[in-house]
Amino acid sequence: MDIPGPEPCTDGGAGAVAAAGGLHTYQLRLHAEYGPVVRFQLPGAETAVSIADPVLLEATARIDKRPEPLFAFLSPLFETGNLQVMPADEHTPWRRLLLSVLAGRPSHERHFARLTELVTALADRWAERAGREPVELQKDLTALSLRMICAYALGGDTEDPERIVAAFEAVLTEHLGRLYQVPSQDGQEERSRRAEEALASLRAAVGQVVAAHRCGSRTDAGDLIGALVEAGERPARIRDTVMVAMLAAHHTTGVAVSWTLHLLGRHPRAAARVAEELDRVLGDRAAPEYADLRRLTYLDVVLKESMRLRPPGPYGARETTQDLVLGDYEIPAGTTVFYPFWAVHMNPDHWPDPEKFEPERFTPHEVAKRPRLAYIPFGLGPRSCEGAALAMVEAALVLAVLLKRFRFEPVPGHEVTPVERFVLWAADDIRMTVSPRKGSSGRTRRSP
Ligand code: HEM
């Protein structure tokens, strides 16, 4: 059977996406009209097949290839080729290595104290503004997650982590600024020059850390760089891996926490329940220990529901390497498969009243009723997010510290509008007022 979809247009599909108000609303519309499998023009990929049904997605879950043209915009950032699209035989061992660090509990536990220091420093800065002026969640929380991934990837005793943070921020401003045509007073040539300089400076800074590991002065395999050095990876590939980890980690985790605080601000009963749980589990401590996170079960379901409604990475893509059967349809090898993660999270067959914020959807009993792939904020299959477990630890830690200490309230009249960029961003940031919670000391009692 032919896969249904709209008639192609001469503009490659860009007009239809713009007219719908973005790719997500376009996907919702397409799937409502044509069903769970839709053929459409995806700007940058000619024709793609979008799948919004979690059961049908299973047929694609072993595909180990991304379509190169869709990820080409990241290529200039890498020295050894774009890691997002590396071939499966190279990708599999690389993924295993990343998972051995990023998904490992011992490694999370080892970095936990440093991550706690970083979020406490942000909370201290916000405390000074409490009740006076709103804070900008997205700006401050993405900056925090960049510092966190730097600490994690490079190790705690990096001489000058701020230099690496600053160099990476410059790379993003210049490269992504050009990509999204963010207005600048400077000409194209000047921007390209600055982008190249920023990239060279970042590579040099990361290169110094790699060199320190290689000459034996630093050998901890619990840090990403340490593990890569120990596995014998070449320096350029290590620099590229740090780059991809920073790219993948920092905006995503920062916006996940921002959207969660935003949604809690609009659901005071859920916010009160989180606060009650934090008081019960932490007592008078201002920050959790690693082992406490498992006991923060309501915070966990709030975070999951927030990432359902506002998935930080709203889409993914694959290229089929063999013919596939998807229910009544067949798709040939070489087809671009589009993953509308966000639309999957809004599929009313599995999420009744999908727009409603309802953390109870994630109790184990409710989860067991749904197909496995109904909830995929970290993607699926062999190219899914290697940082998923770390991201959940970081996000829970940040939320626990901030919500133990502060009450967050929306700023009257400030509109929060999602926009689809590299991640699911809020157009004009998310501004909220913070005020100290009664009885919160604001001081972190450190582990012995
Ligand atoms: C809440 C935070 C995060 C979210 C929602 C998120 C989501 C995603 C998504 C949707 C993908 C694409 C998956 C696919 O195509 O199926 C991805 C890829 C990736 N993420 Fe994350 N991510 C987060 C945090 C992190 C962190 C902390 C790291 C740590 C380094 C990380 C590292 C990666 C890497 C390396 C990839 C590329 C996967 C590959 O090609 O093998 N992410 N992430």
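In this numbering scheme, every chain counts its residues from 1 along its sequence in written order. In keeping with the model being predicted, local features are shown solely for residues with a pLDDT of at least 70 and side-chain atom pairs are shown and tallied solely at 80 or more, while totals for entire chains, interfaces and linings include all residues. With hydrogens and water stripped out, all remaining heavy atoms of the structure feed into the side-chain values.

Looking up the protein in an unreviewed UniProt entry gives the name Cytochrome P450, with the organism given as Streptomyces gamaensis.

> Account for the coordination of the iron atom of the ligand, naming residues and giving values.
Any N, O or S atom lying within 2.8 Å of the metal counts as a donor, and for Na, K and Ca the limit rises to 3.2 Å; water is left out, so some sites can look incomplete. If you check the protein contacts of the iron atom of the ligand, you find one donor only, Cys 385 (SG), at 2.3 Å. Note on conventions: DSSP H or I runs of at least 4 residues are helices, E runs of at least 2 residues are strands, and numbering of each starts at the N terminus. Tracing the sequence through the fold places Cys 385 in the loop between α15 (364–368) and α16 (388–405).

> Tell me about the packing of aromatic side chains, residues and numbers included.
Pairing of aromatic rings covers Phe, Tyr and the six-membered ring of Trp, with a centre-to-centre limit of 6.5 Å; geometry is then stacked below 30 degrees between planes, edge-to-face above 60, and tilted otherwise. Per the stated rule, a full pass over the model turns up 10 aromatic pairs. Taken together, a centroid distance of 5.7 Å and an interplanar angle of 35° make the contact between Trp 351 and Phe 362 tilted. Of this pair, Trp 351 sits in the loop between α14 (341–345) and α15 while Phe 362 sits in the loop between α14 and α15, and the two are 11 residues apart along the sequence. Type-normalised accessible area, obtained with a 1.4 Å probe on protein chains alone, sets the label of each residue: buried when under 20%, exposed when over 50%, and partly exposed for intermediate values. Of the residues examined, Trp 351 reaches a relative accessible area of 0% and is grouped as buried. Relative accessible area serves as the criterion here: at 7%, Phe 362 is assigned to the buried category. Geometrically, the ring pair formed by Trp 351 and Tyr 375 is edge-to-face, given 6.4 Å between the ring centres and 65° between the ring planes. Taken together, the residues Trp 351 in the loop between α14 and α15 and Tyr 375 in the loop between α15 and α16 connect sequence positions 24 residues apart.

> Just give me the short version of the packing of helix α6 (residues 105–129) against helix α7 (residues 137–154), but keep the residues and values in it.
Note on method: axes are straight lines fitted to C-alpha atoms, helices fitted across the in-contact stretch only, with angles between N-to-C directions ranging 0 to 180 degrees. Put simply, α6 and α7 touch, their axes get as near as 10 Å, and they point 150° apart. The orientation of α6 relative to α7 falls into the category roughly antiparallel. Considering how the two elements wind past one another, α6 and α7 form a crossing that is right-handed. Judged by residue contacts, Ser 107, His 108, His 111, Arg 114, Leu 115, Leu 118, Val 119, Leu 122, Trp 126 and Arg 129 of α6 engage Leu 137, Asp 140, Leu 141, Leu 144, Arg 147, Met 148, Ala 151 and Tyr 152 from α7. Roughly parallel here means an angle under 35 degrees, roughly antiparallel means over 145, roughly perpendicular means 65 to 115, and every remaining angle is called oblique. Crossings are sorted by hand: turned counterclockwise from the far helix by less than a right angle, the near helix makes the crossing left-handed, and turned clockwise it makes it right-handed. Whether two residues touch is decided by their heavy atoms; if any such pair falls within 4.5 Å, the residues are in contact.

> Before we move on, could you go through unusual backbone geometry and cite the residues and values that matter?
Excluding glycine, residues mostly have negative phi values, and the peptide bonds linking residues are mostly trans. For Glu 46, which is not glycine, the phi dihedral falls at a positive 55°. With respect to the helices, strands and loops of the structure, Glu 46 is situated in the loop between β1 (37–41) and β2 (47–51). Despite not being glycine, Asp 429 shows a phi value in the positive range, around 60°. Tracing the backbone through its elements, the reader meets Asp 429 in the loop between β10 (424–426) and β11 (431–436).

> Which residues make up the nonpolar core, and what are the values?
Buried Ala, Val, Leu, Ile, Met, Phe, Trp, Tyr and Cys residues form a nonpolar core when they are joined through side-chain atoms within 4.5 Å. The biggest cluster of nonpolar side chains holds 64 residues, and the ones touching the most others in it are Trp 126, Leu 137, Leu 141, Leu 261, Leu 402, Leu 403 and Phe 408. At 11 residues, the largest contribution of residues to this core is made by α16. When neighbours within four sequence positions are excluded, Leu 137 is seen to be in contact with Trp 126, Thr 142, Ser 258, Leu 261, Phe 408, Asp 429, Ile 430 and Met 432. Within the second largest apolar cluster, 43 residues are counted, among which are Val 165, Val 209, Leu 224 and Val 229.

> Could you give me a rundown of helix α13 (residues 297–309), with the residues and numbers involved?
Here α13 contains 13 residues, and its C-alpha end-to-end distance of 19 Å stays within 8% of the 18 Å for a straight helix at 1.5 Å per residue. Among the 13 residues of α13, 10 are classified as buried, and the element is accordingly described as predominantly covered. If you check which residues of α13 are buried, you get Tyr 298, Leu 299, Val 301, Val 302, Leu 303, Glu 305, Ser 306, Met 307, Arg 308 and Leu 309. Buried residues in α13 make contact with α11 (235–265), α12 (268–282), α14 and α16. In this analysis, the expected span of each helix is defined as 1.5 Å times one less than the number of residues it contains.

> Just give me the short version of the site of the ligand, but keep the residues and values in it.
Around the ligand there are 25 residues in total, and Arg 66, His 91, Arg 318, Cys 385 and Glu 386 lie nearest to it. Contact distances for the ligand include 2.6 Å between an oxygen atom and a side-chain N or O atom of His 91. Here a polar contact is recorded for every N or O atom pair within 3.5 Å, except that within protein the pair must consist of a potential hydrogen donor and a potential acceptor, and residues adjacent in sequence are included only if both atoms are side-chain atoms. Between the ligand and Arg 318, the relevant distance is 2.7 Å, taken from an oxygen atom to a side-chain nitrogen or oxygen of the residue. For the shell around the ligand, the secondary structure elements donating two or more residues are α5 (88–102) and α11. Of the residues forming the shell around the ligand, the biggest block, 6 residues, is contributed by α11. Of the residues in the shell around the ligand, the class split is 15 nonpolar, 6 polar and 4 charged. A cutoff of 4 Å decides nearness: a residue is near a molecule or strand if any of its heavy atoms lies inside that distance of it. The nonpolar class holds Ala, Val, Leu, Ile, Met, Phe, Trp, Tyr, Cys and Pro. Asp, Glu, Lys and Arg form the charged class, and all remaining residues, Gly among them, are polar.

> Go over the sheet that holds β11, please, and point to the residues and values.
What holds strands together in a sheet is hydrogen bonding between their backbones, with the strands either parallel or antiparallel. Pairing between strands is defined by DSSP: at least two bridges between them are needed. Across the sheet, which stays open at both edges, the 3 strands sit in the order β3-β11-β8 with antiparallel pairing between neighbours. At either margin of the open sheet sits one strand with a lone partner, and together these are β3 (135–136) and β8 (406–410). Pairing analysis gives 5 bridges linking β8 to β11, with the strands arranged antiparallel. Residue Arg 407 lies in a different strand from β11, and its bridge partner there is Ser 435. Contacts from α6 reach β3, β8 and β11, with the element oriented near 60° to β8.

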